[in-house]
Amino acid sequence: MNSTMIELKNKLKEILPFIKDKNDVIYLDYPMHHNVGDLLIYQGALKLLKDNGVTIKTYRSADDYNIDEIKSKLTPNTTILCHGGGNFGDIYSAHQSLRESVVKRLRNNRIIIMPQTAFFKSNDNFKKAKEIFSSHDDVILFARDTNTLKMFREFSEKSYLMPDTAHYLYGDMSISNKNIGAKLYFMRIDCEANPYQNEILSESGDATAIDWSDIITVRDKAERKLLRKMATFGMKFKIPFINNLVSDIWYNHCIKITKRSSELFSSYDEIITSRMHGHILSCLVDTPNKILDNSYGKNSGYYSQWTSGIDSAVLLKN
């Protein structure tokens, strides 16, 4: 077992004392999409909470979140948890809009932003978010790197450094019994892709890179489509039972996909990746890996803060 990974797993328990009542918690913005990194974050967060006696009474995603429903479930001791990740800022507007709505309209409850990386392209959007968050008296923000922490401290004095919740899965991921005996090139193909990754691939000869979308099957997509329709139906006609059922089914769907991903990553001799959770998943299954930065420094910031002490993980410089 890797000592650094164990330390990161244990550090996540420092989140728990901020929860007011372990039996009165709402979890918002759970990831109902197929970015496996977010599914690892979600699975790790729920395992952290469950292992330490926290009961979630309601789960809602960005697809079926309704502020009036959430208000109806609040007591003075309700703690609201907002999903962590790398979508704090103005790149992924749906998730940021949800958080800002929660902070603006739920003034009397503690809100915890689980470990995030923040990035704003627009200074106006940053100022708007700062105004919203700083107006709430009880927001706890966890930052995955020092740049995000500096930003968060303009939003709330209750801001702290914390690793990604996926680390809580260390020692529990499924390992493949097959050995492909090759390198896996695992590269972003979205708006955060680093142009330098094309040079990495060119230097590798005939290597072909894959991304999370290549792990997702047609059946996975069909299941997600059906569940999203159910979630929308439940929200539209105010049938919470349907939305609760969707969150239960989706969680089992997440486990299936993360299991498939961990077995794939553990079957290679080395992973070359520009995805933070390509790096983290490699570390979770103890596969040697090299990480390339994303477009705005998220990966290098995370590596420098948390995983540089792992001997089998290396940061590639541009």
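Residues numbered from 1 in each chain as written. Predicted model: local features only at pLDDT ≥ 70, side-chain atom pairs only at ≥ 80, totals over all residues. Heavy atoms only, no water.

*Asks:* Quick rundown of unusual backbone geometry? Include the residues and the values.
*Replies:* Working note: non-glycine residues mostly have negative phi, and peptide bonds are mostly trans. Although it is not a glycine, Lys-238 adopts a positive phi angle of roughly 55°. You can see Lys-238 is positioned in the loop between α8 (218–236) and α9 (240–266). Phi at Asp-286 takes a positive value of approximately 60°, unusual for a residue other than glycine. Inspection of the secondary structure assignment puts Asp-286 in the loop between α10 (276–284) and β10 (289–292). Overall, Asp-286 belongs to the partly exposed group, its relative accessible area being 46%. (Helix = DSSP H or I, 4+ residues; strand = E, 2+ residues; numbered from the N terminus. Buried < 20%, exposed > 50% of the residue type's maximum accessible area, 1.4 Å probe, protein only.)

*Asks:* An account of the sheet that holds β10 is needed here, citing residue identities and associated values.
*Replies:* One open sheet accounts for 4 strands, arranged β8-β9-β10-β11; its pairing is parallel. What marks the edges here is a single partner per strand, and that holds for β8 (183–186) and β11 (313–316). Averaged over all pairs of adjacent strands, the angle between strand axes in this sheet comes to 15°, irrespective of strand direction. Of the strand pairs in this sheet, β8 and strand β9 (residues 270–273) are connected by 4 bridges, and their pairing is parallel. Across the sheet, the residue bridging to Tyr-185 is Ile-272, located in β9. Where α10 meets the sheet, it contacts β8, β9, β10 and β11, and its direction lies at approximately 165° from that of β10. (Pairing = 2+ DSSP bridges. Axes fitted to C-alpha atoms, helices over the stretch in contact; angles between N-to-C directions. Contact = heavy atoms within 4.5 Å.)

*Asks:* Describe in detail the state of the cysteines, supporting the description with residues and values.
*Replies:* Note: disulfide means a covalent bond formed between the sulfur atoms of two cysteine side chains. Per the counting criterion, the structure on display carries 0 disulfides. Free of any disulfide, Cys-254 has its nearest neighbouring cysteine sulfur in Cys-82, separated by 17 Å. (Disulfide = S-S within 2.5 Å.)

*Asks:* Please set out the nonpolar core residue by residue, giving values where relevant.
*Replies:* Side chains that are nonpolar tend, in soluble globular proteins, to be buried together. Core analysis: the biggest nonpolar cluster contains 60 residues, and Tyr-27, Leu-49, Leu-81, Ile-112, Phe-265 and Leu-284 have the highest contact counts within it. With 8 residues, helix α2 (residues 36–51) is the largest single contributor of residues to this core. Apart from the residues lying within four places of it in its own chain, the contact partners of Phe-265 are Leu-184, Phe-186, Trp-212, Ile-271, Gly-278, Leu-281, Ser-282, Val-285 and Thr-287. Formed by 27 residues, the second largest nonpolar core is a distinct cluster that contains Ile-26, Leu-106, Ile-111 and Ala-143. (Core = buried A, V, L, I, M, F, W, Y, C linked by side-chain atoms within 4.5 Å.)

*Asks:* Outline the packing of aromatic side chains, listing residues and values.
*Replies:* Aromatic ring pairs: the centre-centre distance and the angle between the two ring planes describe each pair. A full pass over the atoms with the stated rule returns 20 aromatic pairs. When the centroid spacing of 5.9 Å and the interplanar angle of 40° are considered together, the rings of Phe-142 and Tyr-160 count as tilted. One end of the pair, Phe-142, is in strand β6 (residues 139–143); the other, Tyr-160, is in strand β7 (residues 159–161), and 18 residues separate them in sequence. Take Phe-142: its relative accessible area is 1%, and that puts it in the buried class. The ring of Tyr-168 has Lys-9 sitting right over it, with the charged end atom 5.3 Å from the ring centre. (Phe/Tyr/Trp six-rings, centres within 6.5 Å; stacked < 30°, edge-to-face > 60°. Lys NZ or Arg CZ within 6 Å of the ring centre and 35° of its normal.)

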